[in-house]
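Remarks on the overall topology
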Amino acid sequence: MSNNAPLSLATAVPNVSNYLSCVQVVMVNTTLPANIGSAARAMHTMGLSRLTVVDPKLPIDDTSVSHAAGGSDLLSSAIIAPTLESAIADCQLVFAASSRSRHLPRPVVTPTQAAKIMLDFIDKQSTIDGHDINTAPNIAILFGREDRGLTNEELAYADYHVQIDANPAYPVLNVASAVQVIASFIYAYAQTHIQADSEVNDIAQVTDNLETLEQGMLNTYVRQQWDEPAITQQQLQLLTERTTALMVQHKLADSENLKSLPSRLSRLGSRIQLDQKEYQLLSALLAKLLKD
């Protein structure tokens, strides 16, 4: 099995590795190959094994390997994607690391909050309508360029933005450092999550640990019941494009001046958290309306 394929949760015994296998790190348009290697090392230290690099300015090279240390295997299995759209097309949940508030921001969460949302999502998606399913959910965390991070357009692909608490005078981390920090919170939360789901002697201590991790949680919405798998990022973008086209067709929007309409529709879709059946219903409705 490729390191860039999530485990089958139907056959997997719940453990930290099973959860972490659902998460991929996506580095966008990196400048220095050494930073890719440093990020791979940070991932390996925290149990993450799936790395995607989108349109790097320079390819993975010997400096990447030297900086990866024990994480060099991640470089050999890394996926090199031509576009961000192709890299996350089959992802059902997307986070983006960002140190700044942007235009039309998604919900902003801390690394701990992001970890909880991820693991809750994996739990819900691994059992649909009371039955285990064979395909594990696919989650991406986006990291931007060394000099300017992610663009507004790239941030708009995310369901949540992750911000790391830091010195307000200079809250900017090196990309590999950002990977290390966020990955460490995911690893720590996964361990506690597994403990809480297992029979342990000191359940009170585990409960205290979870309460400590969850202090200050935002009231973010996570769908509680799933009878069908969640839609992918590619499907969400298709719905956004078709809805925009319908609004243009009926003169509810100007094709030459859409402004933030596509971003708002995409954000609405993320908030609703559609499943596959709902996607089919909306797709059929949009197709009919677009023909009329």
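Notes on the structure in this doc start here. Just so it is clear, the structure is predicted and the values come from calculations on it, not from any experiment. (Residues numbered from 1 in each chain as written. Predicted model: local features only at pLDDT ≥ 70, side-chain atom pairs only at ≥ 80, totals over all residues. Heavy atoms only, no water.)

Taken as a whole, this structure holds 2 salt bridges when the rule is applied. Measuring nitrogen to oxygen at the nearest pair gives 2.6 Å for the salt bridge that ties Asp 120 to Lys 116. With Asp 120 and Lys 116 both in helix 6 (residues 111–126), this residue pair falls 4 residues apart, about one helical turn. Grouping residues by exposure puts Asp 120 and Lys 116 together as buried. Two residues, Arg 145 and Glu 154, come together in a salt bridge whose shortest N-O distance is 2.7 Å. Each member of the pair, Arg 145 as well as Glu 154, carries the same accessibility label: buried. (Salt bridge = Lys/Arg side-chain N within 4 Å of Asp/Glu carboxyl O. Helix = DSSP H or I, 4+ residues; strand = E, 2+ residues; numbered from the N terminus. Buried < 20%, exposed > 50% of the residue type's maximum accessible area, 1.4 Å probe, protein only.)

An order of 3-2-1-8-4-9-5 is seen for the 7 strands of this open sheet, with the pairing classed as parallel. Either end of the sheet is taken by a strand with one partner, and the two such strands are strand 3 (79–81) and strand 5 (108–109). In terms of strand pairing, strand 2 (residues 50–54) meets strand 3 through 3 bridges, oriented parallel. For Thr 52, the partnering residue across the bridge sits in strand 3 and is Ile 79. Running over the sheet, helix 2 (residues 33–45) touches strand 1 (23–28) and strand 2 and is turned about 160° from strand 2. (Pairing = 2+ DSSP bridges. Contact = heavy atoms within 4.5 Å. Axes fitted to C-alpha atoms, helices over the stretch in contact; angles between N-to-C directions.)

Now for the packing of aromatic side chains. Under the criterion given, the structure shown has 2 aromatic pairs. A ring pair is formed by Phe 95 and Tyr 160, whose centres lie 5.4 Å apart and whose planes are at 20°; its orientation type is stacked. Taken together, the positions of Phe 95 in strand 4 (residues 93–97) and Tyr 160 in strand 9 (residues 160–162) put the pair 65 residues apart, joining distant regions of the chain. Considered together, Phe 95 and Tyr 160 belong to a single accessibility category, that of buried residues. Aromatic side chains Phe 121 and Trp 226 sit 6.1 Å apart centroid to centroid with 80° between the ring planes, which places their arrangement in the edge-to-face category. Of this pair, Phe 121 sits in helix 6 while Trp 226 sits in the loop between helix 9 (203–213) and helix 10 (233–249), and the two are 105 residues apart along the sequence. (Phe/Tyr/Trp six-rings, centres within 6.5 Å; stacked < 30°, edge-to-face > 60°.)

Here we come to unusual backbone geometry. A positive phi angle, near 50°, is found at Ala 69, a position not held by glycine. Residue placement: Ala 69 occurs in the loop between helix 3 (62–68) and helix 4 (72–76). A positive phi angle, near 50°, is found at Lys 259, a position not held by glycine. Checked against the element boundaries, Lys 259 lands in the loop between helix 10 and helix 11 (261–272).

Taken together, the side chains of Leu 282, Leu 285 and Leu 289 present a nonpolar region at the surface, about 220 Å² in accessible area. Looking at the secondary structure, you find Leu 289 in helix 12 (residues 276–291). Residue class for Leu 289 comes out partly exposed when judged on its relative accessible area of 31%. (Patch = residues over 30% accessible without salt bridge, like charges linked within 9 Å, V, L, I, M, F, W, Y side chains within 5 Å. Areas by Shrake-Rupley, 256 points an atom, 1.4 Å probe, with all protein chains shown as cover.)

Don't take any of this as a statement about function, it's just geometry.
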